[in-house]
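Descriptive analysis of the structure
Next come the chains, spelled out residue by residue.
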Amino acid sequence: MYRMLWRIRLFEGQVQRLAAAGEVPGFPHLSTGQEAVAVGVCAHLSREDALYTSHRGHGHILAKGSDLEATLAEIIGRESGLCRGRGGSMHLVDVRHGVMGATGVVAGNLALAAGAAWAAQAQGKSNLAVAFFGDGATGAGVFHETLNLASLWKLPMLFVCENNGYAEFTSRDEHSNVNHVSHFAKPYSIPTKTIDGNDLKVVHAEAAEAIASIRAGHGPYLLECMTFRMAGHYVGDAQQYRSKEELAAMIEKCPIERLKRHLLADGVPATVLDAIQVEAKNEIEQASLRARAAARPDPATVMDDVYTSPTLHAISG
Ligand SMILES: Cc1ncc(C[n+]2csc(CCOP(=O)(O)OP(=O)(O)O)c2C)c(N)n1
Ligand SMILES: [Mg+2]
């Protein structure tokens, strides 16, 4: 898990550099600072559990097992990418690893995840669906509609809110009187906890409990993970809405440094931890070199996969 935290941190750093160099189409939204939520939750998921993420989904997808190079190749629009370079940062899909999709439609993933949870339930499977979303998504009607049906139908669904205190450039106290997202779960009798999302040990333990409850057939669960977005809303955001002091305080709460301190205290040698960091750096560098060298999609194939095709029949059949 320590290695995965570093992979995500360094992956996002590389996306930032490539975006600054004009190599990333669109606006990537980085998950820097929020890595412990992705890693602590996804550690409990199998390939058959369906993951639905948001516009800030790179970390969730990597933690679920998607290939570093194919994910980066997708973000920079290469044929070797997860979606043959057609989706980009906000439309990453990797069905082989149960990554059913990212979306730029805030809260749109919640209803889709409920559909996957309903399908698993109807088929008598023990799989669950997980939806990662931000605190801003709770302002959308579909969040409340999904809580209602998930509760009513006891769907095997984990709602994971990454409460980073901001929706774009607006702080939570400027757009809601409900200061904790977990409060929304209570009227629907959905079990819920507000936890420290920057402490991997806490996220891992609480996600284990939530997922065990869901797999035991007790219906949905909502985890509200309090966390911090160390980067801007998207690459290029000048962050004029928050102070240097606020940013400095966040860096103090870095989830990677936090786990490192725990591991050192548990007797893991610093040399082992340093080696993991270096290996992750090399992995990202190699993945980036290969992704950037890959071919771009042939413009003649632009209509591929737009309309129903034999491939789609193969997936649904
Ligand atoms: C339905 C919809 N409304 C508005 C937007 C514009 N938008 C993009 S990100 C965002 C804020 C999302 O905040 P939050 O859910 O807290 O996620 P975070 O960016 O903090 O991870 C908004 C309003 C959108 N993409 N989709
Ligand atoms: Mg937010």
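Structure first, text after, so check above.
Notes on the structure in this doc start here. Bear in mind the structure is a predicted one, so any value in this text is a computation, not a measurement.

This brings us to the packing of aromatic side chains. In the structure shown here, the tally under the stated rule is seven aromatic pairs. Ring geometry for Phe-169 against Tyr-241: centres 5.5 Å apart, planes inclined by 45°, an arrangement best described as tilted. With Phe-169 in the loop between strand 5 (166-167) and strand 6 (170-171) and Tyr-241 in the loop between strand 8 (221-226) and helix 9 (244-252), this residue pair connects regions lying 72 residues apart in the sequence. Taken together, the aromatic side chains of Phe-27, Tyr-166, Phe-169, Tyr-234 and Tyr-241 make up a single cluster linked through ring pairs.

Another aspect to go through is the site of ligand 1. Surrounding ligand 1, one finds 14 residues, the nearest of these being His-55, Arg-56, Gly-104, Gly-136 and Tyr-166. Here an oxygen atom of ligand 1 sits 2.7 Å away from a polar atom, N or O, in the side chain of Arg-56. Between a nitrogen atom of ligand 1 and a main-chain N or O atom of Val-106, the distance comes to 3.1 Å. Coverage of ligand 1 by the protein chains reaches 70% of its 590 Å² of free accessible surface. Partitioning the shell around ligand 1 into residue classes produces five nonpolar, six polar and three charged.

Below, the discussion takes up the coordination of the magnesium ion (ligand 2). Around the magnesium ion (ligand 2), the donor atoms from the protein are Asp-135 (OD), Asn-164 (OD1) and Tyr-166 (O), and they sit 2.1 to 2.2 Å away. Written as a sequence motif, the donor arrangement for the magnesium ion (ligand 2) is D-x28-N-x1-Y. Of the two residues, Asp-135 sits in the loop between strand 3 (129-134) and helix 6 (141-152) while Tyr-166 sits in strand 5, which places them 31 residues apart along the sequence. Of the two residues examined, Asp-135 and Tyr-166, each falls in the buried class.

With that settled, the discussion passes to the pairing of strand 8. Taken residue by residue, a regular strand's side chains alternate between the two faces of the sheet. Among the six residues of strand 8, five are classified as buried, and the element is accordingly described as predominantly covered. Relative to strand 8, strand 7 (residues 192-196) is paired through five bridges, and the arrangement is parallel. When the bridges of strand 8 are listed, Thr-194 appears paired with Glu-224. Traced from strand 7 through helix 8 (residues 200-215) to strand 8, the parallel crossover comes out right-handed.

Attention now goes to the sheet that holds strand 3. With respect to topology, six strands assemble into an open sheet ordered 2-1-3-4-8-7, the strand pairing being parallel. Two strands bound the open sheet, and with one partner strand each, they are strand 2 (99-101) and strand 7. Taking each pair of neighbouring strands and ignoring which way they run, the sheet shows an average axis angle of 20°. In the sheet, strand 3 pairs with strand 4 (residues 157-163) via six bridges, with the strands oriented parallel. Residue Ala-131 lies in a different strand from strand 4, and its bridge partner there is Phe-159.

What counts and what doesn't
- Residues numbered from 1 in each chain as written.
- Chains lettered and ligands numbered in written order.
- Predicted model: local features only at pLDDT ≥ 70, side-chain atom pairs only at ≥ 80, totals over all residues.
- Heavy atoms only, no water.
- Phe/Tyr/Trp six-rings, centres within 6.5 Å; stacked < 30°, edge-to-face > 60°.
- Helix = DSSP H or I, 4+ residues; strand = E, 2+ residues; numbered from the N terminus.
- Near = heavy atom within 4 Å.
- Polar contact = N/O pair within 3.5 Å; in protein donor to acceptor, adjacent residues only side chain to side chain.
- Areas by Shrake-Rupley, 256 points an atom, 1.4 Å probe, with all protein chains shown as cover.
- Nonpolar A, V, L, I, M, F, W, Y, C, P; charged D, E, K, R; others polar.
- Donors = N, O, S within 2.8 Å, 3.2 Å for Na, K, Ca; no water.
- Buried < 20%, exposed > 50% of the residue type's maximum accessible area, 1.4 Å probe, protein only.
- Pairing = 2+ DSSP bridges.
- Right-handed = clockwise from strand over helix to strand, strands pointing away.
- Axes fitted to C-alpha atoms, helices over the stretch in contact; angles between N-to-C directions.

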